[in-house]
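# Coordinates in review
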Amino acid sequence: MVSMGHQACGALELWNYPVWMRDLVAQNVDGTDRPDHIDLAALEIYRDRERSVARYNQFRRSMLQILISKWRDLTDDEEVIETLCEVYGDDVEEPDLLVVLMAEKKIKGFAISKTAFFIFFVMAIKYCNLS
């Protein structure tokens with residue numbers, strides 16, 4: 001518990017997934033290693049899709065937020081824009097929520113974006129039962 005309070009956490013941004021979690025060795029029930037390795041980052045996206053987690057713009061629609069119509073609405077970072085175009089093309093309706101939340105511009109002085117803050121705020125209100 002003490003180390004959790006003193007150790008810096010990773011930034012909530014793209015390309016900051018711990019390397020060791022990108023190549024996990026799966027084990028059989030008997031404890032022997034399996035030949036296939038697991039990329040936990042890819043698995044998270046796969047599970048979101050499997051559970052029908054809304055894509056980024058659809059999520060923003062459901063939260064009554066302004067939608068993005070181009071990658072520049074999301075970020076000014078050229079490397080991020082280039083990568084999003086490579087993965088999703090020009091279709092801003094396709095991006096996975098988890099990916100784009102990490103790509104969004106952060107609120108000045110905060111570690112999270114406006115969308116992530118909105119989620120945090122709504123959950124805090126619900127948790128505190130202030131609604």
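A brief report on the enclosed structure follows. Values in this document were obtained by computation on a predicted structure and should not be read as measured data. (Residues numbered from 1 in each chain as written. Predicted model: local features only at pLDDT ≥ 70, side-chain atom pairs only at ≥ 80, totals over all residues. Heavy atoms only, no water.)

## Some remarks on the overall build of the protein
In terms of regular secondary structure, the protein is built from 6 helices and 2 strands. Each helix and strand of the protein, placed in order from N terminus to C terminus, yields the pattern α-β-β-α-α-α-α-α. In terms of overall dimensions, the protein has C-alpha extents of about 50 × 40 × 30 Å along its principal axes. In the protein, which comprises 131 residues, the share counted as buried stands at 21%. Surface accessibility of the protein: about 9,900 Å² in total, with carbon and sulfur atoms responsible for 59%. The distance from the centre of the 15 positive side-chain charges to the centre of the 22 negative ones in the protein is 9 Å. (Helix = DSSP H or I, 4+ residues; strand = E, 2+ residues; numbered from the N terminus. Buried < 20%, exposed > 50% of the residue type's maximum accessible area, 1.4 Å probe, protein only. Areas by Shrake-Rupley, 256 points an atom, 1.4 Å probe, with all protein chains shown as cover. Lys, Arg positive; Asp, Glu negative; His and termini not counted. Charge placed at Lys NZ, Arg CZ, Asp CG, Glu CD.)

## Some details on a nonpolar patch on the surface
Taken together, the side chains of Phe110, Phe117, Phe118, Phe120, Phe121 and Val122 present a nonpolar region at the surface, about 560 Å² in accessible area. Examined against the element boundaries, Phe117 turns out to sit in helix 6 (residues 114–128). (Patch = residues over 30% accessible without salt bridge, like charges linked within 9 Å, V, L, I, M, F, W, Y side chains within 5 Å. Salt bridge = Lys/Arg side-chain N within 4 Å of Asp/Glu carboxyl O.)

## Here we look at the side chain of Ser113
When you line up the elements, Ser113 lands in the loop between helix 5 (97–103) and helix 6. For Ser113, a relative accessible area of 2% puts it in the buried group. One polar contact links Ser113 to Glu104, side chain to side chain, over a distance of 2.3 Å. Once you skip the residues sitting within four places of it in the chain, Ser113 turns out to touch Leu101, Glu104, Lys105, Lys106 and Ile107. (Polar contact = N/O pair within 3.5 Å; in protein donor to acceptor, adjacent residues only side chain to side chain. Contact = heavy atoms within 4.5 Å.)

## So, the pattern of salt bridges
When their charged atoms lie close together, side chains carrying opposite charge are able to pair. Using the criterion set out here, one finds 10 salt bridges in the structure. Salt-bridge contacts for Asp96 lead to Arg49; the nearest nitrogen and oxygen are separated by 2.7 Å. Taken together, the residues span a long stretch of sequence, with Asp96 in the loop between helix 4 (78–88) and helix 5 and Arg49 in helix 2 (residues 40–50) at a distance of 47 residues. Between Glu93 and Arg61 there is a salt bridge; the shortest N-O distance is 2.9 Å. In this pair, Glu93 is assigned in the loop between helix 4 and helix 5 and Arg61 in helix 3 (residues 56–62), connecting sequence segments 32 residues apart. We classify Glu93 as partly exposed; its relative accessible area is 31%. Residue classification places Arg61 among the partly exposed positions, given a relative accessible area of 33%. Residues joined by salt bridges that share partners form a network here, namely Arg49, Arg55, Glu94 and Asp96.

## Re the environment of Ile66
Among the structural elements, Ile66 can be located in the loop between helix 3 and helix 4. Classification of Ile66 as exposed rests on a relative accessible area of 71%. A sequence separation of 30 residues divides Ile66 from Asp96, and the C-alpha atoms of the two residues are 17 Å apart.

## A few points about unusual backbone geometry
For residues besides glycine, phi is generally negative; the peptide bonds are generally trans as well. In this structure, Trp15 is a non-glycine residue whose phi angle is positive, near 60°. As for its placement among the helices and strands, Trp15 is situated in the loop between helix 1 (2–6) and strand 1 (24–27). Despite not being glycine, Leu64 has its phi angle at roughly 60°, a positive value. In this structure Leu64 comes out as exposed when scored by relative accessible area, which is 80%.

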